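# Descriptive structure summary
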Amino acid sequence: WKSLTGLHIDYLLSHSHFPTVIPVVILLLSTVNLLDSKASQGELGWISYPSHGWEEISGVDEHYTPIRTFQVCNVMEYSQNNWLRTNWIPRQSAKKIYVELKFTLRDCNSIPLVLGTCKETFNLLYLETDEDQGIRFREHQFSKIDTIAADESFTQMDLGDRILKLNTEVREVGPVTKKGFYLAFQDVGACVALVSVRVYFKMCPFIVRNLASFPDTVPMDSHSLVEVKGLCVNHSKEQEPPRMYCSTEGEWLVPIGKCLCNVGYEERGSSCQGKTTIVHFYSFQHQFPSLLDVWSGWRKPYNSSVICIFKEFVGWVRGVTIVFSGMVSNTSNTWFDAIPFAPFQKDRASRNSISLSWLEPERPNGIILDYEVKYYEKQEQETSYTILRSKGCNVTLSGLKADTSYLLQIRARTAAGYGASSRSFEFETSPDSFSISSESSQVVLIAISTAAAIILLTVLLYIVIGRFCGYRRSKHPDEKRLHFGNGHLRLPGIRTYVDPHTYEDPSQAVHEFAKELDASCIAIDKVVGAGEFGEVCSGRLRLPSKKENCVAIKTLKAGYTDKQRRDFLSEASIMGQFDHPNIIRLEGVVTRSKPVMIVTEYMENGSLDSFLRKHDAQFTGIQLVGMLRGIASGMKYLSDMGYVHRDLAARNILVNSNLVCKVSDFGLSRVLEDDPEAAYTTRGGKIPIRWTAPEAISYRKFTSASDAWSYGIVLWEVMSYGERPYWEMSNQDVIKAVDEGYRLPPPMDCPATLYQLMLDCWQKERNNRPKFEQIVSILDKLIRNPGSLKITANTSPRPANLLLDRSSSEVVQSLGTMGDWLDNVRTLPCKEAFSGVSYSSCDTLPKTSAEDLKKVGVTIVGPQKNIVSSIKALESHSKNAPVPV
Ligand code: ACK
């Protein structure tokens with residue numbers, strides 16, 4: 001029987017065409033092996049008990065590299081209990097370990113003459129200890145991790161067919177706390193060959209991000225993220241404290257803050273390198289200093305080297321340019337901070353004042369902070385002078401004596417200090433004369449007039465060419481495609497979303513924005529969901545010379561109409577225009593063969609709403625805010641592109657294995673047709689009422705501001721772990737309540753800041769809602785200051801606009817203090833029900849049950865739960881303090 005397992009092991013190892021095993025851990029770089037049986041060339045020396053159980057056998061892997069394997073196949077004997085124990089494995093810094101087993105298992109039915117003892121599983125166990133216990137081994141000390149069954153067992157026939165069935169199973173163990181541990185494999189009568197055992201832990205590896213280095217970091221064993229502070233790389237300093245979060249999957253998330261290179265250094269790759277600094281030295285003195293003067297007066301900055309020196313004469317300006325590399329110390333700047341001035345010109349002169357302007361120096365050695373203008377009467381010989389400062393390139397000198405000659409000098413100031421003064425210019429204040437009485441004045445005037453002529457000519461040419469091109473462009477078919485979302489003109493330079501419906505031929509749009517994939521590159525694995533147009537599957541995409549990627553594949557079911565095909569593909573035409581980490585990425589489309597498919601990146605955790613419902617109350621505040629930040633950032637990108645989503649809801653956000661949230665479900669009318677939440681409005685359109693802003697419901701005013709309203713609802717969905725907005729209220733009741741100013745109450749334990757953000761998103765006046773950019777920045781602040789999440793909306797003072805727009809005192813009075821209390825226990829849909837009930841004292845409250853609430857008309861489960869739990873809290877509170885009623 002041993003030979004039976006031996007046979008299939010040999011077979012397995014000598015044939016390389018067995019199915020590729022997709023590694024469970026994709027980021028191999030961020031895992032650290034504690035044990036890898038395949039890496040051992042000699043005997044592993046694991047303990048086998050009893051000795052006729054597990055047997056160590058040599059084999060070769062698919063690359064013909066020798067490996068050690070263990071096999072057992074005592075299927076003909078009763079009461080098997082065969083143990084195999086690894087050597088002691090030091091834990092290192094692991095908090096949670098992963099055990100990856102590769103094995104084959106024989107199908108019992110395929111073994112002839114088995115006497116009924118054959119099993120198809122074995123057990124995986126572990127024991128934590130602080131020291132190596134040598135050969136001492138006691139079964140009862142081990143704790144079971146799991147029973148391991150094969151996904152694929154093999155039969156004699158498979159062997160005949162030469163089909164191999166290698167199983168890979170991974171189990172997590174944690175938290176582990178002692179210095180090391182053993183693993184054990186207990187066989188109770190199966191025919192197993194253990195091909196390899198790998199034990200590893202995940203790690204967020206050393207990384208430099210935003211010029212800050214983050215050390216190797218071991219993730220938590222639970223769902224929480226580890227916050228890590230970054231250290232600025234050499235020659236840089238913090239601009240904003242750099243931080244990142246290490247996820248349980250060993251991936252770095254949410255980089256915040258950054259470092260900047262010090263003066264004299266520039267960012268190259270992920271480090272700060274000494275700059276090659278070009279320094280321009282210009283002299284305005286009549287006597288230009290010789291090069292020798294320059295060098296004798298200048299201390300060579302540390303570490304710098306002169307590359308070249310050359311003279312340059314620019315018109316009437318004489319100067320020298322010194323080019324050198326290396327660090328420039330601030331103290332030595334005095335030598336080269338002289339700043340060239342273009343000549344000044346007179347703007348306006350009168351008997352007692354004069355306005356002057358000048359051009360900014362062409363190549364200053366930094367940002368010019370201001371200019372100093374010094375002037376004095378010529379005949380005073382500088383014994384008394386006046387100094388003015390100007391931020392801009394002009395100044396008005398007033399209080400001057402008429403018909404007097406003045407001399408004037410300008411110098412500029414940068415962070416490095418003052419530059420050299422300009423040469424002196426002379427002017428007179430006679431009513432009819434002003435002159436720059438220097439030998440260059442004529443040159444200046446000629447230069448100014450030439451410049452003015454050139455500018456005029458350029459403007460004229462521009463207009464003529466512009467008209468010509470404009471005419472041409474209007475004839476161009478592409479012009480029709482330019483679509484300015486929201487009716488806003490977008491800023492030049494910012495990429496704008498192009499509405500695929502403006503193409504006469506929509507298939508042209510698809511091919512402009514989406515890559516056509518060859519169906520043979522796509523392997524469909526399984527169906528993960530159903531869409532309006534067909535199934536959504538998971539699978540793999542292997543493009544030539546690229547590594548295989550997990551993908552989601554949306555298919556268009558057979559029998560579609562032309563319009564359906566167009567609508568289906570419009571999503572790809574839209575998605576293909578986006579490139580942002582929080583927007584689902586399009587890999588490509590298949591349109592030239594059937595079925596028609598849209599292929600996108602795969603998001604392991606599926607839709608956000610169901611993901612949250614599955615993990616009720618399992619995330620930290622910072623994790624939730626991290627997700628919300630991602631959604632807001634994706635929405636900011638969309639609104640910057642001029643794209644209005646119209647169906648932003650948690651069900652249309654996808655989550656990957658690192659909790660990164662990405663906005664999905666793009667399309668135009670299709671989105672809403674497709675969405676089961678969308679209902680027909682009185683005006684005929686189909687709208688997801690609970691997520692949609694009032695102006696979009698009533699007169700289809702969809703804008704980024706209506707997306708912001710929907711974002712507020714997503715915020716509520718996230719903080720309530722996937723609760724349905726407005727519970728079972730009917731769409732009509734929702735429209736009415738919202739219109740009357742009611743808003744959703746804060747979800748349980750919701751931080752006050754986040755509830756306030758929701759209320760802001762739900763402002764009736766759409767211009768008062770926050771822009772996505774502001775939302776991102778609010779959430780960033782919260783992430784930076786997680787302490788602020790501790791104040792919950794239930795404990796903080798009630799936001800003033802909880803009953804938004806309901807200023808009528810009638811409502812408040814009819815509810816009285818009971819109403820206030822109900823506000824605090826979040827009773828949006830029940831307030832009215834309570835208003836008719838008289839409670840004389842709080843004594844009756846603790847006895848209130850969900851049944852009682854139903855009687856007074858609170859039939860909705862969400863508020864029922866909230867009220868009952870709040871009553872309980874109130875009851876325990878009232879034992880210590882009187883309840884104000
Ligand atoms: O919640 P789910 O598992 O995540 O069920 C829905 C289903 O398809 C119908 O939309 C899933 N789905 C859609 N796109 C993707 C994707 N890119 N990656 C993973 N699952 C997806 C969605």
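Residues numbered from 1 in each chain as written. Predicted model: local features only at pLDDT ≥ 70, side-chain atom pairs only at ≥ 80, totals over all residues. Heavy atoms only, no water.

### Digging into the overall build of the protein chain
When helices and strands are tallied, the protein chain shows 18 helices and 40 strands. A total of 885 residues make up the protein chain; the buried ones form 49% of that total. Contacts in the protein chain between residues at least 24 apart in sequence constitute 66% of all its contacts with a sequence separation of at least 6. As displayed, the protein chain has an accessible area near 43800 Å², and 53% of this comes from carbon and sulfur atoms. (Helix = DSSP H or I, 4+ residues; strand = E, 2+ residues; numbered from the N terminus. Buried < 20%, exposed > 50% of the residue type's maximum accessible area, 1.4 Å probe, protein only. Contact = heavy atoms within 4.5 Å. Areas by Shrake-Rupley, 256 points an atom, 1.4 Å probe, with all protein chains shown as cover.)

### Structural notes on unusual backbone geometry
With an omega of -5 degrees, the peptide bond between Tyr49 and Pro50 qualifies as cis. Residue Gly174 is joined to Pro175 through a cis peptide bond whose omega torsion reads 0 degrees. With respect to the helices and strands, the residue Pro175 is situated in the loop between β10 (167-173) and β11 (180-187). Even without being a glycine, Arg646 presents a positive backbone phi close to 75 degrees. Inspection of the secondary structure assignment puts Arg646 in the loop between α8 (621-641) and β37 (653-655). Even without being a glycine, Leu659 presents a positive backbone phi close to 65 degrees. For Leu659, the location among the structural elements is in the loop between β37 and β38 (661-663).

### What about the packing of aromatic side chains?
For the structure on display, the rule yields 22 aromatic pairs. Residues Tyr643 and Phe666 carry aromatic rings whose centres are separated by 5.7 Å and whose planes lie at 65 degrees to one another, so their mutual orientation is edge-to-face. Remark: Phe666 occurs in the loop between β38 and α9 (669-674) and Tyr643 occurs in the loop between α8 and β37; sequence separation between them is 23 residues. Under the relative-accessibility criterion, Tyr643 is labelled buried at 2%. Site record: aromatic cluster; members linked through ring pairs are Tyr497, Phe578, Tyr637, Tyr643 and Phe666. Here Lys374 stacks its cationic end above the ring of Tyr385, 4.5 Å away from the centre of that ring. Positioned over the ring face of Trp691 is Arg651, at 4.1 Å from the centre of the ring. (Phe/Tyr/Trp six-rings, centres within 6.5 Å; stacked < 30°, edge-to-face > 60°. Lys NZ or Arg CZ within 6 Å of the ring centre and 35° of its normal.)

### Some points on the packing of helix α13 (residues 752-761) against helix α14 (residues 772-784)
Running from N to C, α13 and α14 point in directions that differ by 175 degrees, and their axes come no closer than 11 Å. It follows that α13 is roughly antiparallel to α14 by the angle criterion. On the side of α13, the interface is formed by Thr753, Leu754, Leu757 and Cys761, while α14 contributes Ile775, Ile778, Leu779 and Leu782. Among the residues making up the contact of α13 with α14, the classes are represented as seven nonpolar, one polar and no charged. (Axes fitted to C-alpha atoms, helices over the stretch in contact; angles between N-to-C directions. Parallel < 35°, antiparallel > 145°, perpendicular 65-115°, else oblique. Nonpolar A, V, L, I, M, F, W, Y, C, P; charged D, E, K, R; others polar.)

### Some remarks on the pairing of strand β32 (residues 522-530)
Direction of pairing for β32 relative to strand β33 (residues 535-541): antiparallel, over a ladder of seven bridges. Of the residues in β33, the one forming a bridge with Ile522 is Leu541. The loop that links β32 with its antiparallel partner β33 comprises four residues. (Pairing = 2+ DSSP bridges.)

### Topic: the state of the cysteines
This structure, assessed with the given rule, holds five disulfides. Each disulfide pairs two cysteine sulfurs, and for Cys108 the partner residue is Cys118, the sulfurs being separated by 1.9 Å. The sign of the S-S torsion, about -80 degrees, decides the handedness of the disulfide formed by Cys108 and Cys118: left-handed. Highlighted residues: Cys108 in the loop between β7 (97-105) and β8 (121-129) and Cys118 in the loop between β7 and β8, separated in sequence by ten residues. (Disulfide = S-S within 2.5 Å.)

### Some remarks on the pairing of β10
Residues of β10 alternate between two faces, with Asn167, Glu169, Arg171 and Val173 buried on one and Thr168, Val170 and Glu172 left unburied on the opposite face. Examined bridge by bridge, β7 and β10 share seven bridges and lie antiparallel to one another. Looking at β10, one finds that Glu100 is bridged to Val170.

### Section: the nonpolar core
Phe578, Leu608, Ile631, Phe666, Tyr711, Trp762 and Leu779 are the most contacted members of the largest nonpolar core, which has 89 residues in total. Top element by residues in this core is α8. It accounts for eleven residues. Non-local contacts of Ile631, meaning those with residues more than four positions away in its chain, are made with Leu608, Leu648, Ile653, Cys661, Val663, Tyr711 and Val714. Counting residues in each nonpolar core, the second largest holds 33 residues, with Leu34, Phe70, Val173 and Phe201 among its members. (Core = buried A, V, L, I, M, F, W, Y, C linked by side-chain atoms within 4.5 Å.)

### Digging into the site of the ligand
The local shell around the ligand holds 13 residues, among which Ala552, Thr600, Glu601, Met603 and Ser607 are the closest. Taking Met603, its main chain carries an N or O atom lying 2.9 Å from a nitrogen atom of the ligand. Here Ser610 contributes a side-chain N or O atom positioned 3.3 Å from an oxygen atom of the ligand. Compared with its free state, where it exposes 450 Å², the ligand has 76% of that area covered by protein. Counting residues per element, the ones that place at least two in the shell around the ligand are β32 and β36 (597-601). Here the residues of the shell around the ligand are counted per class, giving seven nonpolar, five polar and one charged. (Near = heavy atom within 4 Å. Polar contact = N/O pair within 3.5 Å; in protein donor to acceptor, adjacent residues only side chain to side chain.)

### Some remarks on the sheet that holds strand β17 (residues 236-246)
Strand pairs in the sheet, formed through backbone hydrogen bonds, run parallel or antiparallel to each other. Strand order in the open sheet formed by three strands is β15-β17-β18, with antiparallel pairing between adjacent strands. In this open sheet, the two strands that pair with only one neighbour each are β15 (226-229) and β18 (252-261). Pairwise comparison of adjacent strand axes, ignoring direction, gives a mean angle of 15 degrees for this sheet. On top of the sheet, α14 reaches β17 and β18; it is set at about 85 degrees to β17, its chief contact.

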